[in-house]
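# Per-entry structural report
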Amino acid sequence: MEKKRNMQSKELICTACPIGCRLTVFQDEKSENWFRVEGNSCKRGINYAIAEMTDPRRILTSTVKVTNSHYKRLPVRTREAIPKHLIFSCMNEINRIEVITPVRMGDILIDNIASSGIPLIASRNLE
Amino acid sequence: MLNYELVVIGGGPAGLAAAIEARKNGVQNILVLERDLELGGILQQCIHNGFGLHIFKEELTGPEYAQRFINELLEMDIEYKTDTMVLDISEIKTITAVNKQDGLIQISANAIILAMGCRERTRGAIRIPGTRPAGVFTAGTAQRFINIEGYMVGRRIVILGSGDIGLIMARRLTLEGAKVLAVAELMPYSSGLTRNIVQCLHDYDIPLLLSHTVTDIRGKDRVTGVTISKVDQNLKPIPGSEKEYQCDTLLLSVGLIPENELSLQANIKLDPRTGGPIVNESMETSVEGIFACGNVVHVHDLVDYVTEEAQKAGAGAADYIFEEITEKIPAVPIVPQEGVNYIIPQNIRIDNLNGFLDLMLRVTSVYRNAKICVRADEKTIKEVKRPHLSPGEMERVRLNSNIMKTIRPKTISLYIDGEKTQYAI
Ligand SMILES: Cc1cc2nc3c(=O)[nH]c(=O)nc-3n(C[C@H](O)[C@H](O)[C@H](O)COP(=O)(O)OP(=O)(O)OC[C@H]3O[C@@H](n4cnc5c(N)ncnc54)[C@H](O)[C@@H]3O)c2cc1C
Ligand code: SF4
């Protein structure tokens, strides 16, 4: 007899290429990766879906205040993608700091933002 | 009067790449003119990532992408003037510009590259009824206020138009603590990249209302609310479908128009489909020795393609200066047919081709399982399969110059063969 399975599912749009396949991801203990993916046209869609279900990440970009320049804002980014759920904690830290010029593109402004293990860096030179 | 071999008008990604490429091709005497205080163009305010995937194989932010080209320009010691506005260019390639240091300057050039970019369509261009209170911005103006001036535009926001700049701003405003109530899009599909719809709207639960438009703006001094209505198949608002939104800000992301006042002064012919100059295989306009590239020619969605097009213009201008292109020979027109909105270049002089010829095009509607077909005179000579085509995404077809030189067609045309769909995200 078939055991009743937890058929929780989620709809996603794959962004790994511009086609944008509509994916449905089912939780499924029997599958190799605990997830079963439908609607993908290629293998990258499966990887995308699993990453989105288990550890979705995004690069966060914003600006920070500059104190001593005729520029008012310095554009910044996380060097790598951070876990999606940390986005607003990162924004809190970003909004608290001010930088003093000169700054070089790639300079580290926060070592380990929101305890993500990832640094926040400057994304341009500012004199 | 100053004298240069090459003058580039506009110091955005197009102008920078064109000047660098011309130098690499041996042009010594180059001047770049930029009206803004610094080089980099609109990229300096596009602080989000997603630039450079094609060219650098990594995801850069707008300022990072610009910085790489600015560094290269500086290393090559290419001359430039910022805070300098070009007022006029003539058919005989005399440029009039003005800045605080030099006052009014006249420059004569052997060749000119136009790289003035584009500007945003405003409310006047789309005619929304209602009052004219403060709090209505184009999305790009809001982007500049927030990312460069450090000034927040509002707290409760409605965005009209789902172009990429609107989508990017929906996320940016949300990150800065504003509430984006909705993005309304007139068409049944978004013109923005799928990736932006997912990462800018879905990630933050911002509703995208397709087939909707703003039908009223309320407020005396500042916006207090807008009305959004559903539209029918003819894009007309459906009575009874109105819904009120209380907001203090309305952003318009309703399209970009190439910036071509200067081109018109020089009597350069424009293509009504693109709003930009008609160009040939070397990115040369209808006026000999005046080239163009980037958003001034047609609105690009990926800056990588702007760079490639600019390199072509830079190399073309160098060839012109060194008299390596044949000018006075008939050009073969490249004609958009069924399903194709426009093609760049609009014509080619086959004897000037070498290597590959890249055609950039936009389609007229959304297609699935389609083919982009190239016809030389009556014969279809190439078919490129595309599982998905959308007016929001520029397509590229590569032709082999040797084949063109062998068949020497009188006209080339492009058409789409495939199923039209009206799908919505
Ligand atoms: C608001 C906005 C946001 C955008 N966001 C994105 C995005 O997120 N991602 C993306 O890929 N693309 C984006 N684009 C498209 C983007 O413009 C192109 O990818 C790219 O920047 C085009 O490069 P360009 O050099 O042709 O134009 P621009 O970057 O616009 O550069 C043109 C330059 O010419 C200068 N100029 C114009 N007229 C004169 C004159 N008379 N005299 C002297 N200088 C002059 C301008 O000041 C400007 O610096 C955006 C466009 C706009 C308008
Ligand atoms: S599943 Fe494959 S084809 Fe479909 S969007 Fe993702 S990467 Fe593209």
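Residues numbered from 1 in each chain as written. Chains lettered and ligands numbered in written order. Predicted model: local features only at pLDDT ≥ 70, side-chain atom pairs only at ≥ 80, totals over all residues. Heavy atoms only, no water.

## Section: the domain arrangement of chain B
- Taken domain by domain, chain B holds domain 1 (1–120 + 256–325), domain 2 (122–254) and domain 3 (329–425).
- A straight line from the C-alpha centre of domain 2 of chain B to that of domain 3 of chain B covers 34 Å. (Domains from an automatic or database assignment.)

## Remarks on the site of ligand 1
Residue and element names in this part refer to chain B.
- Around ligand 1 sit 31 residues, and of these Ala14, Glu34, His48, Asn295 and Asp301 come closest.
- The separation between a nitrogen atom of ligand 1 and a polar main-chain atom of Val86 is 3.0 Å.
- In the model, an oxygen atom of ligand 1 is placed 2.8 Å from a nitrogen or oxygen of the Asn295 side chain.
- Computed on the free molecule, ligand 1 has an accessible area of 970 Å², of which 94% lies beneath the protein chains in the complex. (Near = heavy atom within 4 Å. Polar contact = N/O pair within 3.5 Å; in protein donor to acceptor, adjacent residues only side chain to side chain. Areas by Shrake-Rupley, 256 points an atom, 1.4 Å probe, with all protein chains shown as cover.)

## Quick word on the site of ligand 2
- Near ligand 2 you find Cys14(A), Ala16(A), Cys17(A), Gly20(A), Cys21(A), Asn40(A), Ser41(A), Cys42(A), Arg44(A) and Gly45(A), and these make up its full shell.
- Among the residues forming the shell around ligand 2, the class breakdown is five nonpolar, four polar and one charged. (Nonpolar A, V, L, I, M, F, W, Y, C, P; charged D, E, K, R; others polar.)

## Some remarks on the interface of chain A and chain B
- The interface is formed by 28 residues belonging to chain A together with 35 residues belonging to chain B.
- Buried area between chain A and chain B, summed over both chains or domains, comes out near 2,700 Å², and the portion from carbon and sulfur atoms is 53%.
- On the chain A side of the interface with chain B, the three residues burying the most area are Ile19(A), Arg22(A) and Thr61(A), jointly 18% of the side's total.
- Our count for the contact surface shared by chain A and chain B stands at four salt bridges.
- The partner of Asp203(B) in a salt bridge is Arg58(A), with the nearest N and O atoms 2.6 Å apart.
- Per-element tally for the side of chain A that touches chain B: the top contributor is helix α2 (residues 87–96) of chain A, with four residues.
- When its residues are assigned to classes, the side of chain A that touches chain B shows 13 nonpolar, eight polar and seven charged. (Contact = heavy atoms within 4.5 Å. Buried area = accessible area lost by both parts, 1.4 Å probe. Salt bridge = Lys/Arg side-chain N within 4 Å of Asp/Glu carboxyl O. Helix = DSSP H or I, 4+ residues; strand = E, 2+ residues; numbered from the N terminus.)

## Observations concerning the domain arrangement of chain A
- Taken as a whole, chain A is organised into domain 1 (8–54) and domain 2 (61–122).
- Computed over C-alpha atoms, the centres of domain 1 of chain A and domain 2 of chain A are 32 Å apart.

## Focus on the environment of Ile108(A)
Residue and element names in this part refer to chain A.
- Mapped onto the fold, Ile108 is located in strand β9 (residues 108–110).
- Sequence spacing of Ile108 and Arg77 is 31 residues, and the spatial spacing of their C-alpha atoms is 9.9 Å.
- Leaving out residues up to four positions away in the same chain, Ile108 has contacts with Arg79, Pro119, Leu120 and Ile121.

## Describing the packing of aromatic side chains
Residues and elements named next belong to chain B.
- Evaluated as defined, the whole model comprises seven aromatic pairs over all chains.
- Aromatic pair Phe145 and Tyr151: ring centres 5.2 Å apart, planes at 70°, arrangement edge-to-face.
- Assessed through its relative accessible area of 43%, Tyr151 is described here as partly exposed.
- Between Phe291 and Tyr320 the ring centres are 6.1 Å apart and the planes differ by 65°, which places this aromatic pair in the edge-to-face class. (Phe/Tyr/Trp six-rings, centres within 6.5 Å; stacked < 30°, edge-to-face > 60°. Buried < 20%, exposed > 50% of the residue type's maximum accessible area, 1.4 Å probe, protein only.)

## A few points about helix α5 (residues 164–175) of chain B
Residue and element names in this part refer to chain B.
- Counted at 1.5 Å a residue, the expected span for α5 with its twelve residues is 16 Å, and the 17 Å between its end C-alpha atoms agrees.
- Of all twelve residues in α5, eleven are buried, a share of seventy percent or more.
- Among the residues of α5, Asp164, Gly166, Leu167, Ile168, Met169, Ala170, Arg171, Arg172, Leu173, Thr174 and Leu175 are the ones counted as buried.
- Among the residues trailing α5, Gly177 stands out with phi positive, at a value near 95°. (Expected span 1.5 Å × (residues − 1).)

## Things to note about the nonpolar core
Residues and elements named next belong to chain B.
- Formed by 68 residues in total, the largest nonpolar core has its most connected members in Leu6, Val7, Ile9, Ile89, Ile95, Ile113 and Leu114.
- Considering every element that reaches this core, the biggest residue donor is helix α8 (residues 303–321), with nine residues.
- In this structure, this core is formed jointly by two domains, domain 1 (1–120 + 256–325) and domain 3 (329–425), each of which donates at least three residues.
- Those residues in contact with Ile9 that sit more than four places away from it in its chain are Leu33, Val86, Ile89, Ile112, Ile113, Leu114, Ala115, Met116 and Leu262. (Core = buried A, V, L, I, M, F, W, Y, C linked by side-chain atoms within 4.5 Å.)

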